[in-house]
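So you can see what is in the structure, the chains are spelled out below.
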Amino acid sequence: MMSADLKDLTEVVRYALETTRATTVCPFHNKVIIRVGDDAAESHAYERAKRILKSDGATFEADALRAEIGHQLATAADGRCPTCDRTDPAR
């Protein structure tokens with residue numbers, strides 16, 4: 001299924017964050033990922049990603065997994081889509 005190279009690790013983490021609802025994609029700007037800010041969902045995403053990688057038999061470093069989750073959460077917009085905020089005249 002998946003190997004634990006960097007590309008796949010990125011994809012596994014993105015999938016885990018989205019399916020646990022730790023992040024979501026803006027419905028109007030599909031390239032904007034929004035961090036929901038739910039600590040429990042973020043912890044669940046880590047466990048889900050770990051299980052996905054283990055089920056594939058891939059070896060991975062826990063530090064690399066934590067770093068990738070941290071990276072994706074850090075690059076996500078906090079709570080709202082900044083593109084929507086810039087284009088909404090009511091805000």
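For the structure itself, look to the data block above.
Residues numbered from 1 in each chain as written. Predicted model: local features only at pLDDT ≥ 70, side-chain atom pairs only at ≥ 80, totals over all residues. Heavy atoms only, no water.

Colleague: Looking at this structure, how should I read the overall build of the protein chain?
Modeller: Along the protein chain, the regular secondary structure elements total four helices and three strands. Each helix (α) and strand (β) of the protein chain, taken in turn from the N terminus, gives the series α-β-β-α-α-β-α. Evaluated residue by residue, the protein chain yields a buried proportion of 33% over its 91 residues. Residue pairs at least 24 apart in sequence account for 61% of intrachain contacts in the protein chain once pairs closer than 6 positions are excluded. Per element, the accessible surface of the protein chain, about 5900 Å² overall, is 52% carbon and sulfur. (Helix = DSSP H or I, 4+ residues; strand = E, 2+ residues; numbered from the N terminus. Buried < 20%, exposed > 50% of the residue type's maximum accessible area, 1.4 Å probe, protein only. Contact = heavy atoms within 4.5 Å. Areas by Shrake-Rupley, 256 points an atom, 1.4 Å probe, with all protein chains shown as cover.)

Colleague: Hey, could you run me through the pattern of salt bridges in this one?
Modeller: When the charged atoms of two side chains lie near each other, side chains of opposite charge can form a pair. Per the stated rule, a full pass over the model turns up four salt bridges. Here E42 makes a salt bridge to R35, at a shortest N to O gap of 2.9 Å. (Salt bridge = Lys/Arg side-chain N within 4 Å of Asp/Glu carboxyl O.)

Colleague: What exactly am I supposed to notice about the nonpolar core here?
Modeller: Soluble globular proteins tend to bury their nonpolar side chains together. Residues V13, L17, L65 and I69 are the most contacted members of the largest nonpolar core, which totals 15 residues. If we ignore the near neighbours within four places in the chain, the residues touching I69 are V13, L17, A45 and Y46. Within the second largest apolar cluster, five residues are counted, among which are C26, I34, C81 and C84. (Core = buried A, V, L, I, M, F, W, Y, C linked by side-chain atoms within 4.5 Å.)

Colleague: What exactly am I supposed to notice about the sheet that holds strand β2 (residues 33-35) here?
Modeller: Strand-to-strand pairing in sheets goes through backbone hydrogen bonds, with the strands running parallel or antiparallel. Sheet architecture is open: three strands sit in the order β1-β2-β3, paired in mixed fashion. Only two strands of the sheet have a single partner each, and these edge strands are β1 (23-25) and β3 (77-78). Taken together, the three bridges between β1 and β2 define a ladder with antiparallel strand orientation. The residue bridging T24 from the neighbouring strand is I34, located in β2. (Pairing = 2+ DSSP bridges.)

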